[in-house]
Amino acid sequence: MASSETTARSLILASTSPYRRELLERLRLPFSVAAPGVDETPVPGEAPEDLALRLALAKARAVSQARPGALVIGSDQVATVDGAPIGKPGGFEQALAQLQAMRGRTVFFHTAVAVDDGRRPATAVVSTRCMLRELSDRALRAYLHAERPYDTAGSAKAEALGIALMERIESDDPTALIGLPLIALTRLLAGFGMDPLDALEEPRA
């Protein structure tokens, strides 16, 4: 059972992403959100996994320093094809170009999560391998008009209609692809004495 000190500690998600907020809500832990305000510029030659991990740590640390005593979650995701990063398209034409380049190929999504209590951060990186279907331009255009996934790296929302673009998905954590690996996060939170299951109350007889 979590200690009273841990139970009273506030939990903060260092992200304004609605997708990460919705994912964290699944764990049924009370939390607040804060914008980390971190420079996300890659370092030349930085590996995708290293970039995701560095940014997840930086986000958690930035909010942790502003909110002493809180337990802060930071996360970041980097998508790549053949080692080249894929960003958020921002609009229809860019999204179409991304999907045309990705169809029939394998895309890797490296999702990092960090939990920081201001003293010792704990981290994890989960890589997801997505094989996309070989689809026509008509199908790709129809998908983009239907879902408008312009704020999503890779231009496909696998948690929604974007799953129809996929041939196969391989991952140790199905929520990692959406932006916050909950299996890894649960393990990290438990290490700080904040296991989501410990916070549940059994019904009275």
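Residues numbered from 1 in each chain as written. Predicted model: local features only at pLDDT ≥ 70, side-chain atom pairs only at ≥ 80, totals over all residues. Heavy atoms only, no water.

## Some words on unusual backbone geometry
One non-glycine residue, R28, lies in the positive phi region at around 60 degrees. Topologically, R28 is positioned in the loop between helix 2 (18-25) and strand 2 (32-33). Despite not being glycine, S155 shows a phi value in the positive range, around 60 degrees. Position of S155 relative to the elements: it lies in the loop between helix 5 (137-147) and strand 7 (166-170). Accessibility expressed as a relative area gives 0% for S155, which makes it buried. (Helix = DSSP H or I, 4+ residues; strand = E, 2+ residues; numbered from the N terminus. Buried < 20%, exposed > 50% of the residue type's maximum accessible area, 1.4 Å probe, protein only.)

## A look at the UniProt feature "active site" (unreviewed entry) in the protein chain
Residues given the UniProt feature "active site" (unreviewed entry) here are D76. We classify D76 as buried; its relative accessible area is 6%. A distance of 2.8 Å separates polar atoms of two side chains, one belonging to D76 and the other to K59. (UniProt positions renumbered as here; feature names shortened; annotations may be inferred. Polar contact = N/O pair within 3.5 Å; in protein donor to acceptor, adjacent residues only side chain to side chain.)

## Here we look at the side chain of S64
Here S64 is to be found in helix 3 (residues 48-66). A polar contact of 3.3 Å, which involves the side chain of S64, links it to the backbone nitrogen of G118. In contact with S64, other than residues within four places in its own chain, are V72, D116, D117 and G118. (Contact = heavy atoms within 4.5 Å.)

## Some words on the packing of helix 4 (residues 92-102) against helix 5
Taken N-terminus to C-terminus, the directions of helix 4 and helix 5 make an angle of 135 degrees; their axes are 10 Å apart at the nearest point. Accordingly, the angle class assigned to the pair helix 4 and helix 5 is oblique. Crossing angle aside, the handedness with which helix 4 passes helix 5 is right-handed. On the side of helix 4, the interface is formed by F92, A95, L96, L99 and Q100, while helix 5 contributes D137, L140, R141, Y143, L144 and H145. The residue inventory of the contact of helix 4 with helix 5, partitioned by class, reads seven nonpolar, two polar and two charged. (Axes fitted to C-alpha atoms, helices over the stretch in contact; angles between N-to-C directions. Parallel < 35°, antiparallel > 145°, perpendicular 65-115°, else oblique. Left-handed = near helix turned anticlockwise from the far one by under 90°. Nonpolar A, V, L, I, M, F, W, Y, C, P; charged D, E, K, R; others polar.)

## Here we look at the pattern of salt bridges
Per the stated rule, a full pass over the model turns up ten salt bridges. Between K59 and D76 there is a salt bridge, and its shortest N-O distance comes to 2.8 Å. Pair noted here: K59 is in helix 3 and D76 is in strand 3 (residues 71-81), with a separation of 17 residues, a long-range link. Look at K59 and you get buried, because its relative accessible area is 6%. In this structure, the salt-bridge partner of D116 is R61, at a minimum N-O distance of 2.5 Å. Taken together, the positions of D116 in strand 5 (residues 106-116) and R61 in helix 3 put the pair 55 residues apart, joining distant regions of the chain. When its relative accessible area of 1% is taken as the criterion, D116 is described as buried. What makes R61 partly exposed here is its relative accessible area of 30%. Connected via shared salt-bridge partners are E40, K59 and D76. (Salt bridge = Lys/Arg side-chain N within 4 Å of Asp/Glu carboxyl O.)

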